[in-house]
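Below are the chains, spelled out letter by letter.
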Amino acid sequence: MTPTEGTPTRTVRVHRYDRGDDAPHMELHEVPVGPTTTVLEALRWIQLHEDPTLGLRHSCFHASCGTCGVRVNGKERLACVTSLSEFSGTVTVDPIANLPVLHDVVVDMAPFFERYPTAHPIVRESEFLPESATPDGIAEHDRYEDCIECGLCLSACPVAATDDTYVGPAALAYAQRLLEEPRGADRDAILDWADQDNAAWRCHAAFECTEACPSGVQPAQRIMALRKQLRRHRRDQGRDVPDRQSSEEKV
Amino acid sequence: MAARAEHERSSRSRSWRWTAITGVSLLVLVTIHMVAHHFVVDEVGGLRTYQHVLDYVSTPIIFVIECVFLVVVTAHAMLGLRSVLLDFGLSDRWRRLADRGLVVLGVVTVVYGFVLIGVLASRA
Amino acid sequence: MSEQRAPASERDPGVEEILRARRDGGHVARKLPGPVAWFDLRNRSTGHLAFSLNRITGLGLVFYLYLHLGVLTLLLGGEDSWNGFLEVATLPVFLGLDVLLVFGLLVHGLNSTRLALIGSGYVPNHQKAMFWSLMAFGAIVLVYTALHVFGGE
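Residues numbered from 1 in each chain as written. Chains lettered and ligands numbered in written order. Predicted model: local features only at pLDDT ≥ 70, side-chain atom pairs only at ≥ 80, totals over all residues.

### Looking at the packing of helix 3 (residues 60–86) of chain B against helix 3 (residues 46–73) of chain C
Between helix 3 of chain B and helix 3 of chain C, the shortest axis-to-axis distance is 10 Å and the interhelical angle comes to 130°. In terms of orientation, helix 3 of chain B and helix 3 of chain C fall into the oblique class. Handedness of the crossing formed by helix 3 of chain B with helix 3 of chain C: left-handed. Across the interface between the two elements, V73, A77, G80, L81 and V84 of chain B of helix 3 of chain B pack against R55, G58, L59, V62 and L65 of chain C of helix 3 of chain C. Its residues placed into classes, the contact of helix 3 of chain B with helix 3 of chain C shows 7 nonpolar, 2 polar and 1 charged. (Axes fitted to C-alpha atoms, helices over the stretch in contact; angles between N-to-C directions. Helix = DSSP H or I, 4+ residues; strand = E, 2+ residues; numbered from the N terminus. Parallel < 35°, antiparallel > 145°, perpendicular 65-115°, else oblique. Left-handed = near helix turned anticlockwise from the far one by under 90°. Contact = placed C-beta atoms within 7 Å. Nonpolar A, V, L, I, M, F, W, Y, C, P; charged D, E, K, R; others polar.)

### A look at the nonpolar core
In terms of nonpolar packing, the biggest core is built from 77 residues, with L172 and A194 of chain A touching the most fellow members. The element that contributes the greatest number of residues to this core is helix 4 (residues 169–180) of chain A, accounting for 7 residues. Mapped onto the domain boundaries, this core takes at least three residues apiece from domain 1 (9–107) and domain 2 (110–237) of chain A. Not counting residues up to four positions away in its chain, the partners in contact with L172 of chain A are V167, A194, A199, A200, P219, R222, I223 and L226 of chain A. L70, V73, A75 and A77 of chain B belong to the second largest nonpolar core, which has 8 residues in total. (Core = buried A, V, L, I, M, F, W, Y, C linked by C-beta atoms within 7 Å. Buried ≥ 20, exposed ≤ 12 C-beta atoms within 10 Å, placed from the backbone. Domains from an automatic or database assignment.)

### Here's the deal with the confidence of the model for chain B
All names here are of chain B. In this model, chain B carries an average pLDDT of 85, and 84% of its residues clear a pLDDT of 70 or more. Within chain B, helix 1 (residues 2–39) has the poorest average pLDDT of any element, 76, and helix 3 the best, 95. Note on residues 1–5: pLDDT under 50 across the span, and 5 contacts to partners over four residues away in sequence or across chains. (pLDDT = per-residue confidence, 0-100.)

### Describing the sheet that holds strand 3 (residues 69–72) of chain A
Residue and element names in this part refer to chain A. The mixed open sheet is built from 5 strands, whose spatial order is 2-1-5-3-4. This sheet does not close on itself; its edge strands, each paired only once, are strand 2 (25–32) and strand 4 (75–78). Direction aside, the axes of adjacent strands within the sheet are offset by 35° on average. Examined bridge by bridge, strand 3 and strand 5 (residues 91–95) share 3 bridges and lie antiparallel to one another. Bridge pairing links V72 to V93 in strand 5. Relative to strand 2, helix 1 (residues 39–49) is tilted by about 100°, and along the sheet it contacts strand 1 (9–16), strand 2, strand 3 and strand 5. (Pairing = 2+ DSSP bridges.)

### Concerning the interface of chain C and chain A
The interface is formed by 30 residues belonging to chain C together with 30 residues belonging to chain A. Looking at the side of chain C that touches chain A, the elements that each hand over two or more residues are helix 2 (13–24), helix 3 and helix 5 (92–119) of chain C. A per-element tally of the side of chain C that touches chain A places helix 2 of chain C first, with 4 residues. Split by residue class, the side of chain C that touches chain A holds 11 nonpolar, 13 polar and 6 charged.

### Description of helix 3 of chain B
Between its first and last C-alpha atoms helix 3 of chain B spans 39 Å; for 27 residues at 1.5 Å apiece the expected length is 39 Å, and the two agree. Turning to helix 3 of chain B, its buried residues are E66, L70, V73, T74, A75, H76, A77, M78, L79, G80, R82 and L86 of chain B. (Expected span 1.5 Å × (residues − 1).)

### What about the packing of helix 2 (residues 50–58) of chain B against helix 3 of chain B?
Residues and elements named next belong to chain B. With their axes 5 Å apart at the nearest point, helix 2 and helix 3 run at an angle of 90° to one another. One finds that helix 2 runs roughly perpendicular with respect to helix 3. Along its contact with helix 2, which presents Y56, V57 and S58, the element helix 3 presents I62, F63 and E66. Of the residues contributing to the contact of helix 2 with helix 3, the split by class is 4 nonpolar, 1 polar and 1 charged.

### What about the pairing of strand 1 of chain A?
Residues and elements named next belong to chain A. One ladder, built from 8 bridges, connects strand 1 with strand 2; its direction is antiparallel. Each bridged residue has a counterpart across the sheet, and for V12 the counterpart in strand 2 is H29. Alignment of strand 1 against strand 5, held across 3 bridges, turns out to be parallel. Its bridge partner lying in strand 5, R13 is registered against T92.

If you want it as structure tokens, here you go:
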């Protein structure tokens, strides 16, 4: 279906890839747009009117689910709230980086979630039940779950660009949130998980994760706070400089 | 096994900590080194003549400072290289190889530097 | 509801393909191949610029460490050997390289100070302002150094 004459259009360049392809390729589409047309709407138009094989992932349409993460002109964005009017010229849409591509702009999020620590509370008491008293030292319950697990931070991270073993900003920020509000999670297990070469100590403070995050999680700041906790933990445990004798005794 | 894991785990924060400590030390040592070698003398570029260098390194306090500088800068360089190498996502085996290789390189560098400073100081 | 869940390979060919793709890794979108991505500043902000500069100056300074030890080895050859080096080292192009060295030292040293503070959990929310302030200070020092190196005073 071609846009009607007189309808303003934008050129959208989309990353196309299928499992088994030697390499991805880019396809150009002329998409009719309005003043507020988003990247997601443009992709859906292509899917509905020009190429039904275009693979894309979305859900809520309002930056709440984190499903539609892509790179738009090289920058990590949520497609549902990114307006085409922000850009001039051709708009290029790529999948987020550093995760395996399943199809077109859809990535396999399993490696993203596999980076998370296994220690976590699954069921949390409601803040609104009468018996849900706040723990000592906490005046009121606050929302710590800003992360929508979109993967944009991992895509933006320069360390993740070369090191697939790095757990990444989202998992580390999650660990720090658990330390701030454990609710039954094992703090020592979380700290041990974070105290790895491929975890808290791998971050080089590029802060691109914080720049990319659409939810205000500030992963980089959380990682720095996590390091502070790790040093304090080691000091409290008296394990700052382990001596040979104590190591041998443990064997 | 548990002791080794414990020791390896403690080395992670230690690597970062020693990179920071050697780095902060270098802020002082590099400044002393650069000022003494390049800002005190009057020649263009501040470079010292042959005899200047010999007289300089044979001064006991300078000899000690330059030796400390060499150790600290080599340690910082090796820790920095280690950090860059780890960013390639090395397996445990390659990481241990890299660690050993960098220790050897660092020791060779420091030993060579000590020999160099010692020979020059003895010629003064 | 009572039937047993079929094994993955029988449920849906698409699922099997995904599971195999996961095992095989498959195509991973990267901005640029390998370590080149560390220095790609397109669409990146101050923190990434600082990271790239720190990395390239760090690697450059490691190279310089060994270059410097090599040059100092010329001292073992005696006064003539060293003076020969000095004649070359005082040429304008090499004095310019000296200024480049000081640039590398200043960028790496000042930014690393910032990293040590941030990495210790202090003032991470002001990392951009810290970077530019330190670089401004470094620029002043660099200009003074360049004048001294070329002016000889």
